[in-house]
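The primary structure of each chain is shown beneath.
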Protein chains: 2
Amino acid sequence: MEVPLLIIIALISGILAILLALLFARNVMKEDPGNEKMQEISGYIASGAKTFIEVQYKILILFVAGISIILLFAIKPGEYSWAHMITYLIGAGGSMWAGWLGMIVGVKANTRAAQACTVGIKKGFEVSFFGGCVMGLAVVGVALIGVSSIYWIAGATEIVSDPATIILGFSFGASSVALFAKCGGGIFTKTADVGADLVGKAEYNLPEDDPRNPASIADNVGDNVGDIAGMGSDLFDSYVASIVAAMLLTGTLGVIAGEIFAILPILICSFGLFASIIGIYIIKMWKTDIPSKLLNGGTYLATAIFIGLAAVCIGLVTLFLTDSEDIRFAWALWVCATVGILSGVVIGWTSDYFTREDKTPTRNIALAAQEGHAVTILSGFSYGLLSVFPPALGLVAAMAGAYWIADFAHAGAGVYGIAIAAVGMLSIVATIVSNDAYGPICDNARGIAEQGALGDEVIRTADKLDSAGNTAKAITKGFAIGAANLTVLALLFSFAQEAGGLPQGINLLNPSVLIGAFLGVVAPALFSAILVLAVQRNAGKMVNEIRRQFEENPKILTGEEAADFNKCIDIATKGSIKELIFPSIISILFPIAIGILFGVASLGAFLGGAILSGFVFAIFMSNSGGAWDNAKKWIEDGNLGGKGTETHKAAITGDTVGDPFKDTSGPSINTLLVVMSLTATLFVGLFLLEIFHYGAGIIGFYL
Amino acid sequence: MEVPLLIIIALISGILAILLALLFARNVMKEDPGNEKMQEISGYIASGAKTFIEVQYKILILFVAGISIILLFAIKPGEYSWAHMITYLIGAGGSMWAGWLGMIVGVKANTRAAQACTVGIKKGFEVSFFGGCVMGLAVVGVALIGVSSIYWIAGATEIVSDPATIILGFSFGASSVALFAKCGGGIFTKTADVGADLVGKAEYNLPEDDPRNPASIADNVGDNVGDIAGMGSDLFDSYVASIVAAMLLTGTLGVIAGEIFAILPILICSFGLFASIIGIYIIKMWKTDIPSKLLNGGTYLATAIFIGLAAVCIGLVTLFLTDSEDIRFAWALWVCATVGILSGVVIGWTSDYFTREDKTPTRNIALAAQEGHAVTILSGFSYGLLSVFPPALGLVAAMAGAYWIADFAHAGAGVYGIAIAAVGMLSIVATIVSNDAYGPICDNARGIAEQGALGDEVIRTADKLDSAGNTAKAITKGFAIGAANLTVLALLFSFAQEAGGLPQGINLLNPSVLIGAFLGVVAPALFSAILVLAVQRNAGKMVNEIRRQFEENPKILTGEEAADFNKCIDIATKGSIKELIFPSIISILFPIAIGILFGVASLGAFLGGAILSGFVFAIFMSNSGGAWDNAKKWIEDGNLGGKGTETHKAAITGDTVGDPFKDTSGPSINTLLVVMSLTATLFVGLFLLEIFHYGAGIIGFYL
């Protein structure tokens, strides 16, 4: 019984992650929360975040309940649908818990980080960073515990022939939450941000984060919602999906020691977690005061450590293998995992290059701002599109490399190699999520330091921390998009496997397949447009509310009375949930409709088309948004005339256009792709039922 | 010998088209060219157009010569490469001649149209419209004469087994010219337009078309370059490609009377030409003064007449068929052609809906302009993306419908049915090109009427003609994109046919195929970005030149001395040719590289990916550009405060962003797709050579 030992390693590492998350949470809470004013503002943010989570989770629970009932009746009609339902509920619940924990700690860490800045930059960094680590570790912990325990129980009780299939339910649960947290959170955060800027900054000349602005708290809450809960649930989603995809693809390995290779992805993730934890402790001991060095250095460190530890992991696994070909194959998989994580870093670099203020693209966008609003937009738009090419080459190279290496070591195992590359890319997800969650904590800390009157020196310190977070974000965002895409590519192969192997392939020369591909390519464009329009519509409501408050109660502007923050939070919250209806339809009903009307090959092409164009739109929108943002910041640093000039105004236009690009649509496309892929894989039994094909044949659609 | 009879019909109809084009050209030239001032301005435009054509054709001839030598050595190594070279030269030469004729007449018609407006709106319309018809008829004439005579000679001399294969060379010649005329023309026109606006309007407050603006003539030349030569060569390209695709696919028909069905696409086009000509004469007799009714009514009329004449055409063809299944199949193809042209109309309607000032999208964009530059951009961007969905459904329905009908009538003939739908869609291309070429004639006429001081009444008349041209343009642009896409889909099947039928299909589950698809999806994004950046870079040079002229010679601004128009035309011309290098590489070398490195299936996926994402980008960019343009015009009509307000400024930003979208990148994607598809089909022999596969295998790329 060698298998339980390996599973136990994964389970224990998951528990370790949760314990560390709770330890870091306790440590952060013990820090000095600062003066009364700071605590007051932090309290507003915390209560706003609580409101958002409560309202969202209420609807989310209804949604999850509805889907779980559908799962009970609609998938793989037979004895295991209840198991799918249970794992689905566990996946959703786990993701909700991790998101809740990360948010609660994040909104308490901000004022503590601000206060810590009075001690020094390293101290300020630590409070922010360990605050962020809570989300990073919680995500990994929940995922590892969930996947390994379901695998173990399912294997031990032998309720299903392949435990991986019911882990699909777990993964789908994580995806449902990601849909709400990422898309809904993305709408929330930009509704508040754009609304606050349009009235507060533009009409009343209030500075950023001014507490007289009724939407200022919603804006701060939004940062946490987007970059802690949103990004966390998104990467949780991709992480679990990459593991599931690899597990499902062990079916392609044939006579090789299947069970070991089914557990391998979980084990690689455990060792990735160790790499992240070692990286975190090295950062703690690292004697440097430059926060961006700490953040990015931490990522590179975790990458290097992971590559080493993955070798240890493979070495451990080979102890259980007897066949020399199996052993050779295991080492080939180490190369695949290494290719995966390295390509993640390369993709992150290209995002960094295209959005950094000291590189040509962003610099040229800033220069274009001298020629007015339109040229700024054209320039950012073009560089965003150009920026798709290098990471596309990176992703293609990772996919091709992993396929070739795995196929070379064991004929037919190429797609499993791709899945392992995706797992490798996501292995240090604890580091990636921690870096991302660090961002809003510093951002809020900066505002709180200003409101709490901690002095210029402290604000400058907080500023440095904040700007490091922005730089790190470019890399983590590129990483997240690359990882999600490699994962959904692996899921595409899992889907094909679950659909009976698709012996005819997904042949683009078959018109029904071509129809699927066509609609798939269109889907991310439609999805992006709907999210951007949602932000625009909601921000309009926010604008009206802010104006109403200023007009009805002039004492808000003089600072004598507090604005009604909750009303703004309420608008952003409700709007973000209402606007989720259409995106949910696209991501869940669209693939089901294609599958039923045109069959599995067409659905495979739909997924393929969506993955490819989703990659283009996600990278383009994230990078052009990031570049506009940094071009504006560079001008605000006093370049090209600095603040208040026409050039600056044009740069602000770029930044405002970029806001929903980079924080709503762009990154939400990841979630869309994962949800669609999982929906297709989970409901595949439905699409294989002949009855639908006859139905479609009658109406002349099934070609 | 029934075949020569049918071919003779096509040949005669082609000759008829050329004769009519020359007749219309002579009639337009006989009109009164107006007063001296008008003739002076028209003279500048004509000489500018001549300069552009001379410089462009010089480079184009070198390019064509280079490609023709490559053709001699690189394709299907064997006895027919010289035939490819000759047909290539004929195709390129024919397209160049048609473009030259259309341009020369267009730039002479403008002042005559302005003068005609003094007589009345109907007279003004006629001069502009018949001026445009010259291009429309020349395109169709050259295409029909070229295709039918090559087919006849090749068949009679029996130099090749399938005459269609050497017509590919003719089609590729047309594509090479389209690449220069459409992409280069698109860069030229927006360089001049944006440059003139940025300095003349924004810095010196000169009105549009003010002759003191050194770029004003280049701007007027640009309109002709983009909408006469560019659009004409683009549709010439699609038109011939659709005929060739259908001819090549007769190979899939099996035992059915192949030769008749190889000639059928040419014959359908002849009857389409008759429909267009009848439509043109009905417009002439139509007693209405509303130009948009005449233009759009003309399109619908030609559509209806074509559906009837296509039945006559099929009836004629059935006289040569003996087998009842063949006859049934012929009638099924009539349905395919009808489906094709109707879906073209539907796609045109959706473009019209999304860009018309009295419909929700454009109206909402105008309203969004009240909230500033950024919201205007976000709104137009989102509606542009949304607007992709309805035409995608239309195209998918046309493709699926045509496939199913043809396949139902004759098993295995589905893809031929798709090609016939594309031919049907393009059958009334004479009408489409005429409507498009009408636009710049009126636009220039309006400016000339103003400069020639013909009075407010005449200017208002010219304005009405101009605005009808803009409305018609939305429909023709949608039509052109839809037709190009259906054509390249048909070409994809022809490519597969030429590549030995691809018995394994283009299977997305094969990683090397997936790589092709990935790079294919990215290609149009890259292409768009490069063109937009080219416009931006070139417009910058134009801005500097205009400023230099105003600074060095203050008498230009007072009107005492004429500006140096030629210098501006020179900048736009040279820049547009220089910036063509990259787009040419993408469209020709990219597919060749993919084919050599990864083989034919991967190249097929590359084409498929490019077609799908190209459709998304082409529709999105054209429609958002059109909507921004019309939102601005609606505001300029006095709505939401009218000209000079902040709302108007925001709308201008939208329009300026939209300019290169709708007139450079968006429509150029059509050309990109056709060139790439033809390159792949023409060089397919190269990709089938085993030597490359071994080479790629060694470097580990050929999976």
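Residues numbered from 1 in each chain as written. Chains lettered and ligands numbered in written order. Predicted model: local features only at pLDDT ≥ 70, side-chain atom pairs only at ≥ 80, totals over all residues. Heavy atoms only, no water.

Peer 1: Let's hear about the overall build of chain A: which residues, and what values?
Peer 2: Regarding its fold elements, chain A presents 23 helices and 0 strands. For 703 residues, the compact-globule estimate of 2.2 N^0.38 gives 27 Å, and the C-alpha radius of gyration of chain A, at 24 Å, lies within 12% of that figure. Based on the C-alpha atoms only, the size of chain A along its principal axes is roughly 75 × 60 × 45 Å. Per-residue burial over chain A gives 69% buried out of 703 residues. In chain A, 85% of the contacts between residues at least 6 apart in sequence involve partners at least 24 apart. Accessible area for chain A stands at about 21,000 Å²; split by element, carbon and sulfur atoms hold 63% of it. (Helix = DSSP H or I, 4+ residues; strand = E, 2+ residues; numbered from the N terminus. Rg over C-alpha atoms; globule rule 2.2 N^0.38 Å. Buried < 20%, exposed > 50% of the residue type's maximum accessible area, 1.4 Å probe, protein only. Contact = heavy atoms within 4.5 Å. Areas by Shrake-Rupley, 256 points an atom, 1.4 Å probe, with all protein chains shown as cover.)

Peer 1: Got a sec to walk through the interface of chain B and chain A? Specific residues and values, please.
Peer 2: Taken together, the contacts link 66 residues of chain B with 66 residues of chain A. Note on chain B versus chain A: buried area summed over both sides is about 6,300 Å², and carbon and sulfur give 89% of it. Contact with chain A buries area across many residues of chain B, yet B:Leu509, B:Phe518 and B:Leu612 alone supply 12% of it, more than any other trio. Here chain B and chain A share 0 salt bridges between them. Elements represented by at least two residues in the side of chain B that touches chain A include exactly α11 (373–386), α12 (389–409), α15 (456–498), α16 (511–552), α20 (600–636) and α21 (646–682) of chain B. Counting residues per element, the side of chain B that touches chain A draws most heavily on α16(B), which supplies 16 residues. When its residues are assigned to classes, the side of chain B that touches chain A shows 54 nonpolar, 11 polar and 1 charged. (Buried area = accessible area lost by both parts, 1.4 Å probe. Salt bridge = Lys/Arg side-chain N within 4 Å of Asp/Glu carboxyl O. Nonpolar A, V, L, I, M, F, W, Y, C, P; charged D, E, K, R; others polar.)

Peer 1: Tell me what's going on with the environment of A:Gly48, and back it up with residues and numbers.
Peer 2: Residues and elements named next belong to chain A. Along the chain, Gly48 falls in helix α2 (residues 36–74). For Gly48 and Val543, which are 495 residues apart along the polypeptide, the C-alpha to C-alpha distance reads 18 Å. Apart from residues no more than four positions distant in its own chain, Gly48 is found in contact with Val221 and Ile569.

Peer 1: Can you break down the relation of the copies chain B and chain A residue by residue, with the values?
Peer 2: What relates the two chain copies is a rotation about an axis together with a slide along it. Note on the copies: chain B fits chain A at an RMSD of 0.0 Å, the axial shift is 0.0 Å, and the rotation between them is 180°. Taken together, the rotation and translation describe the operation of a two-fold axis. Scanning chain B for the C-alpha nearest the rotation axis identifies B:Asn507, at a separation of 2.2 Å. Mapped onto chain A, 100% of the interface residues of chain B are again interface residues, and the two copies thus contact each other with one and the same surface. (Least-squares fit on C-alpha atoms with pLDDT ≥ 70 in both.)

Peer 1: Account for the nonpolar core, with residues named and values stated.
Peer 2: Counting 555 residues, the largest nonpolar core has A:Leu137, A:Leu264, A:Tyr416, B:Leu137, B:Leu264 and B:Tyr416 as its most contacted members. Sort the elements by how many residues they give to this core and α16(B) lands first, with 24 residues. Setting aside anything within four residues of it in sequence, one finds A:Leu264 in contact with A:Cys313, A:Ile314, A:Val317, A:Leu333, A:Tyr416 and A:Ile420. (Core = buried A, V, L, I, M, F, W, Y, C linked by side-chain atoms within 4.5 Å.)

Peer 1: Can you break down unusual backbone geometry residue by residue, with the values?
Peer 2: Residue and element names in this part refer to chain A. Even without being a glycine, Ala453 presents a positive backbone phi close to 55°. Here Ala453 lies in the loop between α14 (429–451) and α15 (456–498). Positive phi is not limited to glycine here, since Leu640 has a value of about 55°. The topology assignment puts Leu640 in the loop between α20 (600–636) and α21 (646–682). Exposure remark for Leu640: the relative accessible area of 26% places this residue in the partly exposed category.

Peer 1: Go over the pattern of salt bridges, please, and point to the residues and values.
Peer 2: Counted according to the given criterion, the structure contains 46 salt bridges over all chains. Between B:Lys190 and B:Asp663 there is a salt bridge whose closest N-O contact spans 2.9 Å. Residue B:Lys190 is located in helix α5 (residues 163–201), and its partner B:Asp663 is located in helix α21; the two are separated by 473 residues in the primary sequence. Note on accessibility: B:Lys190 and B:Asp663 belong to one class, buried. Of the charged contacts in the structure, one is a salt bridge between B:Arg356 and B:Asp358, with a shortest N-O distance of 3.0 Å. We classify B:Arg356 as partly exposed; its relative accessible area is 30%. A relative accessible area of 44% places B:Asp358 in the partly exposed class. Among the charged side chains, a network of salt bridges with common partners joins A:Lys190, A:Asp193, A:Asp227, A:Lys473, A:Lys477, A:Asp629, A:Lys633, A:Asp659, A:Lys662 and A:Asp663.

Peer 1: Account for α15(A), with residues named and values stated.
Peer 2: Each α-helix winds once per 3.6 residues, and so residues spaced three or four apart point in a common direction. Residue and element names in this part refer to chain A. Helix length check: α15, at 43 residues, gives a terminal C-alpha distance of 60 Å against a target of 63 Å (1.5 Å per residue), a fit within 8%. Judged by how many residues are buried, α15 sits mostly within the fold: 34 of 43 residues are covered. Just past α15, the residue Gly500 takes up positive phi, approximately 85°. (Expected span 1.5 Å × (residues − 1).)

Peer 1: Tell me about the packing of helix α19 (residues 581–598) of chain A against α20(A), and please be specific about residues and values.
Peer 2: Residue and element names in this part refer to chain A. Relative orientation of the contacting elements α19 and α20 amounts to 145°, with a least axis distance of 7 Å. Seen along the crossing, α19 lies across α20 with a hand that is right-handed. Across from Phe590, Pro591, Ile594, Gly595 and Phe598 in α19, the residues of α20 making contact are Val600, Ser602, Leu603 and Phe606. Class assignment for the residues of the contact of α19 with α20 results in 7 nonpolar, 2 polar and no charged. (Axes fitted to C-alpha atoms, helices over the stretch in contact; angles between N-to-C directions. Left-handed = near helix turned anticlockwise from the far one by under 90°.)

Peer 1: Explain the packing of aromatic side chains to me, and be specific about the residues and the numbers.
Peer 2: Residue and element names in this part refer to chain B. Under the defined criterion, the tally for this structure stands at 59 aromatic pairs over all chains. Centroid distance Phe620 to Phe661: 6.0 Å. Interplanar angle 70°. Geometry classified as edge-to-face. Here the residue Phe620 occupies a position in helix α20, and Phe661 occupies one in helix α21, the gap between them amounting to 41 residues. Judged by its relative accessible area of 2%, Phe661 is buried. (Phe/Tyr/Trp six-rings, centres within 6.5 Å; stacked < 30°, edge-to-face > 60°.)

Peer 1: Explain the environment of B:Gly501 to me, and be specific about the residues and the numbers.
Peer 2: Residues and elements named next belong to chain B. Along the chain, the position of Gly501 falls in the loop between α15 and α16. When its relative accessible area of 40% is taken as the criterion, Gly501 is described as partly exposed. A sequence separation of 129 residues divides Gly501 from Gly372, and the C-alpha atoms of the two residues are 55 Å apart.

Peer 1: Talk me through the state of the cysteines; I want residue IDs and the actual numbers.
Peer 2: Inspection of the entire model under this criterion finds 0 disulfides over all chains. Here B:Cys336 is not cross-linked by a disulfide; its sulfur's nearest cysteine counterpart is in B:Cys313, at 13 Å. (Disulfide = S-S within 2.5 Å.)

Peer 1: I'd like a description of the side chain of A:Ser171, backed by residues and values.
Peer 2: As for its position among the elements, A:Ser171 is in helix α5 (residues 163–204). The contact partners of A:Ser171, leaving out residues within four places of it in the chain, are A:Asp237, A:Val240, A:Ala241, A:Val244 and A:Leu678.

Peer 1: Account for a nonpolar patch on the surface, with residues named and values stated.
Peer 2: All names here are of chain A. Together, Ile15, Leu19, Leu22, Trp97 and Trp100 give the surface a local cluster of nonpolar side chains, amounting to about 460 Å² of exposed area. When residues of the nonpolar patch are traced back to their parent elements, those giving at least two are α1 (2–30) and α3 (81–116). Tallying contributions element by element places α1 first for the nonpolar patch, with 3 residues. Tracing the chain through its elements places Trp100 in helix α3. (Patch = residues over 30% accessible without salt bridge, like charges linked within 9 Å, V, L, I, M, F, W, Y side chains within 5 Å.)

Peer 1: Describe in detail the side chain of A:Ser528, supporting the description with residues and values.
Peer 2: Note on placement: A:Ser528 falls in helix α16 (residues 511–552). On the accessibility criterion, A:Ser528 (0% relative accessible area) is buried.

Peer 1: Any details on helix α11 (residues 373–386) of chain A? Residues and values, ideally.
Peer 2: Counted at 1.5 Å a residue, the expected span for α11(A) with its 14 residues is 20 Å, and the 20 Å between its end C-alpha atoms agrees. Summarising burial for α11(A): 14 of the 14 residues are buried, a large majority.

Peer 1: I'd love a proper account of the confidence of the model for chain A, names of residues and values included.
Peer 2: Residues and elements named next belong to chain A. Here chain A averages 90 in pLDDT, and 96% of its residues register 70 or above. Across chain A, element-level confidence peaks in α11 with a mean pLDDT of 96 and bottoms out in helix α23 (residues 690–698) with 47. Ignoring residues within four places in sequence, the model shows residues 692–703, a span with pLDDT below 50, making 21 contacts including any to other chains. (pLDDT = per-residue confidence, 0-100.)

Peer 1: Which residues make up the packing of helix α8 (residues 291–318) of chain A against α14(A), and what values go with them?
Peer 2: Residue and element names in this part refer to chain A. Where α8 meets α14, the closest approach of the two axes is 10 Å, and the angle between their N-to-C directions is 165°. With respect to each other, α8 and α14 are oriented roughly antiparallel. In the packing of α8 onto α14, the handedness of the crossing is left-handed. Seen from α8, the contacting residues are Pro291, Leu295, Gly298, Thr299 and Ala302; seen from α14, they are Thr431, Ile432, Asn435 and Tyr438. A per-class count over the contact of α8 with α14 returns 5 nonpolar, 4 polar and no charged. (Parallel < 35°, antiparallel > 145°, perpendicular 65-115°, else oblique.)

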